[in-house]
Amino acid sequence: MKKIVGYLLIAIVMTLSACHDNSVTSSFQFGEPEHILTGYFVQSITFDHEGTAWIGTLKQGLLKYDTKPFHFDSSNSILPDSFSVGAMDIDNLGRVWIGSNIGLMKYDNNKFTKFDKSNSPIKYYIYALSVDHNNSVWFTNGNIYNGGLVQYDNEKWNVYTPENSQLTTTVIYDIEVDNENNKWFVCFGAVIKYKDNQWTYYRTENAGIKLDYSYQLAFSNFNELWVLCDYSYSSLAYSAKDPTVLKFDKSKWSIQNPPDFDGERTMATEIYSDSKGWVWLARGNELIYYYLGKWNYCCKVPSTIFDIKERNNNQIWLGTGNGIYIINEFL
């Protein structure tokens, strides 16, 4: 379920985070973050059914981590020594699906299977991926001119493009599956719901709220859709009227912007909802969370946060430009 990162924002976000005081307080206590995998640029994290972490990096390949890291490379797998992993997910059978710049990989029974241009419709970097309740893998595969969205059900491939479907774009930023197995996608200017071969578009015009720069998705266990907005590609000034975080409860949209840093807006880099329904938001190297109707401060780490995931023992793992920080919750 990972996405493209606006790397040009990193320096700005980290500078703002360092220059301003925190304007939210914490409702709970958290342990001092533990730092592992120093030196790895971590873009994506997922956990298998045994709680083992699978870690995707930028140009540093794929690792798994239980009590110590294991790096897959050309000496122990079919994977090359250097490639980038944009997104990963686990299906109901425990198979690991890995989206990357070299194609789609499936890890099953200690064996990798690779799908790329030679044996599938895949042509582009996979930077967002999600597995639905029927173990179909949905992933991005397009650029601004060609492609679109791919579904693989372990037997056949379905490729959705503007030419053969109601999909109106070749670029999808993020993908999520809700509790009812509906597929949700986000693209420039729209949030899209896919159900029973029907495409429902939510845009600024029909949602009654600004969706022009919606960019990332997260579903809470209350079946609420949370949308993160990214204004890094906007030619307009980023103003207090612009939404940073939106919530859709399947009937209405609302703005859920976190507090500013001393009145100054700060870009967010990642959004995630855990098993308790808390919504976690990274603003550069700062981590905050939404609980009982308000935003709360968690912590800061030294590096920009690009992925947030929960391990099954109330740990929050943060993938950053310099390894992973692990936060233990003390409730």
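The model shown is predicted, which means the values in this text are computed figures rather than measured ones.

Student: Can you walk me through the sheet that holds strand 5 (residues 62-65) in this structure?
Tutor: Adjacent strands of a sheet pair through backbone hydrogen bonds, lying either parallel or antiparallel. A sheet is described by the order of its strands in space; here four strands give the open sequence 3-4-5-6, paired in antiparallel fashion. At either margin of the open sheet sits one strand with a lone partner, and together these are strand 3 (42-47) and strand 6 (69-72). The average angle at which neighbouring strand axes cross in this sheet is 25°, direction not considered. With four bridges connecting them, strand 4 (residues 53-57) and strand 5 associate as antiparallel partners. Residue pairing across strands places glycine 56 opposite leucine 62, the latter belonging to strand 5.

Student: What is the right way to read the environment of aspartate 242 from this model?
Tutor: Examined against the element boundaries, aspartate 242 turns out to sit in the loop between strand 20 (225-229) and strand 21 (245-248). By relative accessible area, which is 5% here, aspartate 242 ends up buried. Taking C-alpha positions, aspartate 242 is 9.4 Å from tyrosine 213, a pair spaced 29 residues apart along the chain.

Student: Explain the nonpolar core to me, please; I cannot follow it from the model alone.
Tutor: Within soluble globular proteins, side chains that are nonpolar generally end up buried alongside one another. Membership of the largest hydrophobic core comes to 36 residues, with the highest contact counts inside it found for Phe185, Val191, Trp199, Leu225 and Trp253. Elements represented by at least two residues in this core include exactly strand 16 (183-187), strand 17 (190-195), strand 18 (198-202), strand 19 (214-219), strand 20 and strand 21. Ignoring sequence-local partners within four residues, the contact set of tryptophan 199 consists of Leu149, Tyr160, Ser165, Gln166, Leu167, Phe185, Ile192, Lys193 and Tyr194. Counting 16 residues, the second largest nonpolar core, distinct from the first, contains Leu287, Cys298, Val301 and Ile305.

Student: How should the pattern of salt bridges be read in this particular structure?
Tutor: Oppositely charged side chains may form a pair once their charged atoms are brought near each other. Within this structure, the stated rule accounts for ten salt bridges. In this structure, lysine 276 engages aspartate 274 in a salt bridge whose closest nitrogen and oxygen atoms are separated by 3.1 Å. Under the relative-accessibility criterion, aspartate 274 is labelled buried at 4%. Across the pair glutamate 286 and arginine 283 runs a salt bridge whose closest N-O atoms are separated by 2.9 Å. For the pair shown, glutamate 286 and arginine 283 are each scored as buried.

Student: Which parts of the structure should I look at to understand the sheet that holds strand 12 (residues 137-142)?
Tutor: Within the open sheet, the four strands sit side by side as 11-12-13-14. Their pairing is antiparallel. Looking at strand neighbours, the two that pair on one side only are strand 11 (129-131) and strand 14 (157-160), the edges of this open sheet. Neighbour-to-neighbour, the strand axes of this sheet turn through a mean angle of 20°, independent of strand direction. Here strand 12 runs beside strand 13 (residues 147-152); their pairing, made up of six bridges, is antiparallel. Bridge pairing in strand 13 links glycine 142 to glycine 147.

Student: Help me understand the environment of serine 100 in this model?
Tutor: Note that serine 100 resides in strand 8 (residues 96-100). Accessibility expressed as a relative area gives 0% for serine 100, which makes it buried. Separated by 16 residues in the primary sequence, serine 100 and aspartate 116 place their C-alpha atoms 10.0 Å from one another. Once residues lying within four places of it in the same chain are set aside, the contact partners of serine 100 are Phe83, Ser84, Val85, Gly86, Met105, Tyr124, Tyr125 and Ile126.

The rules behind the values
- Residues numbered from 1 in each chain as written.
- Predicted model: local features only at pLDDT ≥ 70, side-chain atom pairs only at ≥ 80, totals over all residues.
- Heavy atoms only, no water.
- Pairing = 2+ DSSP bridges.
- Helix = DSSP H or I, 4+ residues; strand = E, 2+ residues; numbered from the N terminus.
- Axes fitted to C-alpha atoms, helices over the stretch in contact; angles between N-to-C directions.
- Buried < 20%, exposed > 50% of the residue type's maximum accessible area, 1.4 Å probe, protein only.
- Core = buried A, V, L, I, M, F, W, Y, C linked by side-chain atoms within 4.5 Å.
- Contact = heavy atoms within 4.5 Å.
- Salt bridge = Lys/Arg side-chain N within 4 Å of Asp/Glu carboxyl O.

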